[in-house]
Amino acid sequence: MTDEQKLFSEFKPATADDWAERAKKDLRETPLESLTWQTYEGITIKPYYTREDIKDLPFAQHKPGDFPFLRGNAGSDNSWQNIQKIKAETNSKIAIDKAADALSRGADGVHFVVEDPATFDLAYLAELIDLTAQSVSYTLSNDPAAFLKKLYTLLAAQNISHRNLKGFLNYDPMSGKGVLTEAESKAITTVLDLTKDSSDFYGVTVCGTNFSSIGASLIQEVAYTLSAAVAYTDRLTTAGEPLESVLRNMQFCMGAGTNYFFEIAKLRALRLLWAAVVEAYQAEPALAAKLRIHTTTSSWYQTTLDPYVNMLRVTTEAMSAVLSGTDSLTVLPFDSTFKDSDEFSERIARNVSIILKEESYLDKAVDPAAGSYYLDSLTNELATKAWELFKEVEAQGGFEAAYDNGFILGTVTEVNRQKFRDIATGRMVLVGTNKYPNQKEKIDFDPEELIQRAEFDTTRAAYPTEVMRMATELHLRKRQRRPRAVVAVIGSSERQHVNATFAKEFFSCAGFDTELQQYNDPHEAADRLLHAAAEVVVVATPEETYAREFGPRLRAHKDRPTVIMADNPQEMKDEMVANGYDEFIFEDCDMSTILELVQKRLAREEDTNAN
């Protein structure tokens, strides 16, 4: 077969018009446009993509290992390092022992989160782990230069060259708080001086996770990470560091969320834009290939409720990072939101990466996402929009100025609030938290203690729903029974059944013992509900006159339950409230007010019983 001949050449190539015509035929009365949807990034996703969507994209023809390195900087395989994250607290020997064990059981490297750099036992570390053969990284909150000098002094005493170190040092006040003090700037300059001759040890880390962990959009994560990297580059070169040294020694630490295809496109777009930044500095283009990307599975999407679902989340998150060519990967243990991870959860997390490599062979193909019309189009859209936002930040004076004037955190907060609204209305699903709850789940920790714990992450997507569930759990433990919600459906209206089902699922997710009751006669329903043993009564009925009956009658209920109408009363809301209804529940309503109302009622009941 010649180069001009094609496989299945007897078939006519389908054009975009051909696809549109076939789709319209299959959809019949449904408009094709109804299948498009908008993302938090402001991107419109079409129902299908064709060759024509990528015909004008220059990078679509690039090969792996070629500038601008969108397809990665390696041309032969897609290998990545499996890095286990380990907290090093007061007694660092415990963490070092755990690290040595992890390296013997499948980890390619370890990443210490060091609580107190001054007390970290570097001598014991060097005794137990070969620092020239294993990748060992450190996250430090202070004194990075002193820590590194101490390490170098120890290595020199043992005739070990620091040039052979592998790993990275993560000390990033810039993206964390938007500014560098003079002391911090000097410390990072010293770190760069110390590490610039170590080709496999990276001294300057820029953490995009500081944005993704608070609910930023992917475009914001990419743009603000690039902007922070430029701010570091300008600071360091102004301090006299060679540009080439800065660019070679810089690493990005990114989060991988649950939006699978977008996360694949994100890292590809990031590499593409980093090449543009290097080009703008008029540096050697090959320096763009030196960018190292370390990815960690998302903390923002992790849940406390039904935590085993986190095992599934991190698997898809890890796959997206691997398919997009990350250099190293940390998979967070499924229970890290509510307790110190144990041997089991750490082994499962470590084995996710091992299975993707050893059993799924994802290390064998370089950039398997290439050639996908959808992913290449998405990469281009993400890159274009992120570059526009990056330029907007630079026009304001750069990262530090945009952070100081509130632009960066303000724009992230806008997206963050929209995501929380979508979770509250059920448009955004967190499996096991706001949809499909595990009714038999047993919480084996103290909810009150957890909520008050300083390290409990309150910025996560699931947190508002979890607080409601914790209040329910406290009620269970103090009263020896779950709070109960009765959802009464009167009649056979489809709309009321939809709203009633939504209400039942909501209160089930909140941990209530929930019962759906069907009635044909509104008077019988009112009589039965008047004696219902429940903290919440939800009434779903299409007739407004019947709806008016229930509120006033249920006011006479001896337990005074919270009474909720399963419908949107629209202009009749004030009248329904006057008739005894406390709130209204229906698809796409904002559940946060209902959560707050019921939570306060449970708390008030506990206070009354305590007195």
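The structure this text deals with has already been given above.
Residues numbered from 1 in each chain as written. Predicted model: local features only at pLDDT ≥ 70, side-chain atom pairs only at ≥ 80, totals over all residues. Heavy atoms only, no water.

> Sorry if this is basic, but what is going on with the packing of aromatic side chains here?
Each aromatic ring pair is specified by the distance between its two centres and by the angle formed by the two planes. Per the stated rule, a full pass over the model turns up 23 aromatic pairs. Between W300 and Y301, the aromatic rings sit 5.1 Å apart at their centres with planes inclined by 85°, giving edge-to-face as the arrangement. What makes W300 buried here is its relative accessible area of 1%. Three or more aromatic residues joined by ring pairs make a cluster, and in this case those are Y49, Y260, F261 and Y374. Over the ring of W80 we find K357; its NZ or CZ atom is 4.7 Å from the centre of that ring. (Phe/Tyr/Trp six-rings, centres within 6.5 Å; stacked < 30°, edge-to-face > 60°. Buried < 20%, exposed > 50% of the residue type's maximum accessible area, 1.4 Å probe, protein only. Lys NZ or Arg CZ within 6 Å of the ring centre and 35° of its normal.)

> Help me understand the sheet that holds strand β7 (residues 201–202) in this model?
Across a sheet, strands are paired by hydrogen bonds formed along the backbone, either parallel or antiparallel in direction. Across the sheet, nine strands lie side by side as β7-β6-β5-β4-β3-β11-β10-β9-β8; this open sheet has parallel pairing. Edge positions in the open sheet fall to β7 and β8 (204–207), since each of these has one partner strand only. Its contacts with the sheet place helix α10 (residues 260–280) against β9 (250–256) and β10 (292–297), and it is angled at close to 160° to β9. Against the sheet, helix α11 (residues 309–323) contacts β9, β10 and β11 (328–330), and its axis sits at roughly 170° relative to β10. (Pairing = 2+ DSSP bridges. Helix = DSSP H or I, 4+ residues; strand = E, 2+ residues; numbered from the N terminus. Contact = heavy atoms within 4.5 Å. Axes fitted to C-alpha atoms, helices over the stretch in contact; angles between N-to-C directions.)

> Hey, could you run me through a negative patch on the surface in this one?
On the surface, E89, E115, D116, D143, D340 and E455 cluster together to form a negatively charged patch. Mapped onto the elements, D143 comes out in the loop between β5 (135–139) and α4 (144–157). Judged by relative accessible area, D143 falls into the partly exposed class, the value being 48%. (Patch = residues over 30% accessible without salt bridge, like charges linked within 9 Å, V, L, I, M, F, W, Y side chains within 5 Å. Areas by Shrake-Rupley, 256 points an atom, 1.4 Å probe, with all protein chains shown as cover. Salt bridge = Lys/Arg side-chain N within 4 Å of Asp/Glu carboxyl O. Lys, Arg positive; Asp, Glu negative; His and termini not counted. Charge placed at Lys NZ, Arg CZ, Asp CG, Glu CD.)

> Looking at this structure, how should I read the side chain of T189?
Locating T189 in the fold gives a position in helix α6 (residues 182–195). When near neighbours in sequence (up to four residues on either side) are disregarded, T189 contacts L236, A239 and E241.

> I keep staring at the environment of W80 and nothing clicks. Help me out?
Along the chain, W80 turns up in the loop between β2 (44–45) and β3 (81–88). Remark: the alpha-carbon pair of W80 and L329, spanning 249 residues in sequence, is separated by 7.0 Å. Among residues more than four places away in sequence, those in contact with W80 are D108, V322, T326, D327, S328, L329, S353, L356, K357, L362 and D363. At a separation of 2.7 Å, a polar atom in the side chain of W80 contacts the side chain of S353. (Polar contact = N/O pair within 3.5 Å; in protein donor to acceptor, adjacent residues only side chain to side chain.)

> Even after reading the chapter, I still don't get the pairing of strand β12 (residues 484–490), so can you show me in this structure?
Within a regular strand, side chains alternate between the sheet's two faces. Most of β12 sits inside the fold, with six of its seven residues counted as buried. As judged from the seven bridges shared by β12 and strand β13 (residues 513–519), these two strands associate in the parallel manner. Looking at β13, one finds that V487 is bridged to L516. Viewed along the sheet, the connection from β12 through helix α18 (residues 494–509) into β13 turns out right-handed. As paired strands, β12 and strand β14 (residues 536–540) are joined by five bridges and run parallel to one another. Following the sheet pairing, V489 is matched in β14 by A540. (Right-handed = clockwise from strand over helix to strand, strands pointing away.)

> When you look at the pattern of salt bridges in this model, what are you seeing that I'm missing?
A side chain of one charge can pair with a side chain of the opposite charge if their charged atoms are brought near each other. Per the counting criterion, the structure on display carries 26 salt bridges. The residue D53 makes a salt bridge to K46 at a minimum N-O spacing of 2.6 Å. Here R484 ties to E515 by a salt bridge, and the two come within 2.2 Å at their closest N and O atoms. A residue pair is termed long-range when its members are at least 10 positions apart, and R484 in strand β12 and E515 in strand β13 qualify at 31 residues. Connected through salt bridges with shared partners, the residues D101, R105 and E343 form a single ionic network.

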